[in-house]
Amino acid sequence: MVNDTNNKRVVIKIGSSSLTSLHGEISRRKLEKLVDEVVRLKDDGHEVLLVSSGAVAAGYRKLGCLTRPESLPEKQAAASIGQGLLMESYSDLFLSHGYMGSQILITRSDFSDEDRYNNARNTINVLLERGIIPIVNENDTITVDRLKFGDNDTLSAKVAGLVEADELIILSDIDGLYDADPRKNEDAQLLDTVHEITPEIEAAAGDPGSSVGTGGMKSKLDAFKIAMASGISSFLGKAGTDQIVYDAVYRNAVGTYFEPTSVIEDLDQKKQWIAFNSGPEGEITIDHRARKTIVDMKESLLPMNVHHVNGRFKKGAVVHINDLTGEEIGLGIVNYSSKQLEQMIGLTDPELESYEKAAIDSKDLVCNLEVKLPVGV
Ligand SMILES: Nc1ncnc2c1ncn2[C@@H]1O[C@H](COP(=O)(O)OP(=O)(O)O)[C@@H](O)[C@H]1O
Ligand SMILES: N[C@@H](CCC(=O)OP(=O)(O)O)C(=O)O
């Protein structure tokens, strides 16, 4: 994080429709506008990281497709062309202002492995501290569907958590979050501040607004939930509006501000990784009393509280924790393999004494209540 308290670490996510024309070309004008704003923030001393979509949208035409392709191999081939073109344009524009951009392509599996996750953080920190503008996108060309983040909205929130950003700004083709899908309801009202993403707000979120957008408002809400639980202030506003990014950082912009969750402690880096990035490998079931211990009293889960084990996992794996009704309570990192845990079930207290460690330490345990969203988003 930057040292001067006035200077912020800002993550800006921009969608495909805000960077490209309808005909599958990069819009130099749109890109220039964004770059000008980033440059202004940099000149003010802020650190800026961009999460930029647009690889598929910028490449499909050059691939010979008249419209955005549907098939995965064609989308991936288009991204392979478009990503290079996007980076070329960003680099040119940033260099013309004396700044340097750098490319970072991430897959979901890079984030589900804790070492690679920490490594990504170290690399990005070096770039930010040296004044470079990292430009992140999903590694679309090689990622198979089931391993995709899927949309850059949640990717941007996970990246903001990774680098402990102060602000996450998501730019879209709409000027904020409305209390109803504005395409279906002309009386829909813009919400200027959101403290909690309630079921009513979720019900009002619809699909993408353009033929090139992928996430829609639903994926933006998932992103804001992650940011809020990670203690990051966020903003949703309309790309292309005059100095929207600059004004959002100084809280003068028209749009929707999402406040970090205050009733809940911010998740530390380890818990953020467990909750939002890890790939759980199995399940353990615990009883009602143990649920109280870990959820209400925030204590470690002891081996004697493990009722049932599902799946094969090693010590150090992340597992789902369920109660006896099957409801998920949270996620945690186990200190024992599934085989060891199974052997412990049914042992008496004195027999369990030889196992010195908890089944899951409280520092490695995230409960749904803590993050107020389905864990593992
Ligand atoms: N409650 C809502 N408030 C605002 N926009 C909404 C809402 N529900 C659905 N939308 C639609 O979501 C679109 C933005 O998502 P998307 O098309 O994925 O944008 P982008 O390509 O900028 O990421 C808006 O254009 C709007 O039509
Ligand atoms: N990674 C993809 C974009 C994925 C995505 O979320 O797109 P968008 O909804 O336009 O932000 C690309 O660069 O084409």
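Just so it is clear, the model here is predicted, and its values are computed rather than measured.

Each value, and the rule that gives it
Residue indices follow the written sequence of each chain, beginning from 1 at its first position. Chains carry letters and ligands carry numbers; both start at the beginning, A for chains and 1 for ligands, and go up in the order they are written. pLDDT decides what is reported in this predicted model: residues at 70 or higher carry local features, side-chain atom pairs at 80 or more are listed and counted, and totals for whole chains, interfaces and linings draw on all residues regardless. Derived side-chain values reflect all non-hydrogen atoms in the structure, with water molecules and hydrogen atoms excluded from consideration. UniProt positions are given in the numbering used here, feature names are shortened, and annotations may be inferred rather than shown by experiment. Each helix corresponds to a stretch of at least 4 residues labelled H or I by DSSP, and each strand to a stretch of at least 2 residues labelled E; elements are numbered beginning at the N terminus. Relative accessibility under 20% of the residue-type maximum defines a buried residue, over 50% an exposed one, and the middle range a partly exposed one, all with a 1.4 Å probe and only protein chains included. Whether two residues are in contact is decided by their heavy atoms, any of which lying within 4.5 Å being enough. Put simply, buried Ala, Val, Leu, Ile, Met, Phe, Trp, Tyr and Cys residues joined by side-chain atoms within 4.5 Å make one nonpolar core. Note on pairing: DSSP must find at least two bridges between two strands before they are called paired. Lines fitted to the C-alpha atoms define the axes, with helices restricted to the stretch that makes contact. Angles between their N-to-C directions range from 0 to 180 degrees.

What follows concerns the UniProt feature "binding site: ATP" (unreviewed entry) in the protein chain. Listed under "binding site: ATP" (unreviewed entry) in the UniProt record, and renumbered for this structure, are Lys13, Ser172, Asp173, Thr214, Gly215, Gly216, Met217, Lys218, Ser219 and Lys220. If you trace the backbone, Ser172 turns up in strand E5 (residues 167–172). Owing to a relative accessible area of 9%, Ser172 belongs among the buried residues under this scheme. In this structure Ser172 touches Ser18, Lys220, Leu236, Gly237, Lys238 and Ala239, once residues within four positions along its chain are discounted.

Moving on, we get to the nonpolar core. Leu49 and Phe258 are the most contacted members of the largest nonpolar core, which has 48 residues in total. In terms of residue count, helix H8 (residues 216–229) provides more of this core than any other element does, eight residues in total. In this structure, Phe258 is in contact with Leu177, Val194, Ile197, Leu221, Phe224, Met228, Ile232, Ser233, Ser234 and Leu236, ignoring residues within four places of it in sequence.

On to the sheet that holds strand E7 (residues 233–238). Two pairing modes exist for strands in a sheet, parallel and antiparallel, and in both the strands are linked by backbone hydrogen bonds. Pairing in this open sheet of eight strands is mixed, and the strands run E3-E4-E2-E1-E5-E7-E8-E6 from one edge to the other. For this open sheet the edge positions go to strand E3 (101–106) and strand E6 (193–194), each flanked by a neighbour on one side alone. Across the sheet, helix H5 (residues 114–129) is in contact with strand E1 (9–14), strand E2 (47–52), E3 and strand E4 (133–138); its angle to E2 comes to roughly 125°. Strands E1, E2, E3, E4 and E5 of the sheet are contacted by helix H6 (residues 152–162), whose axis makes an angle of about 135° with E4.

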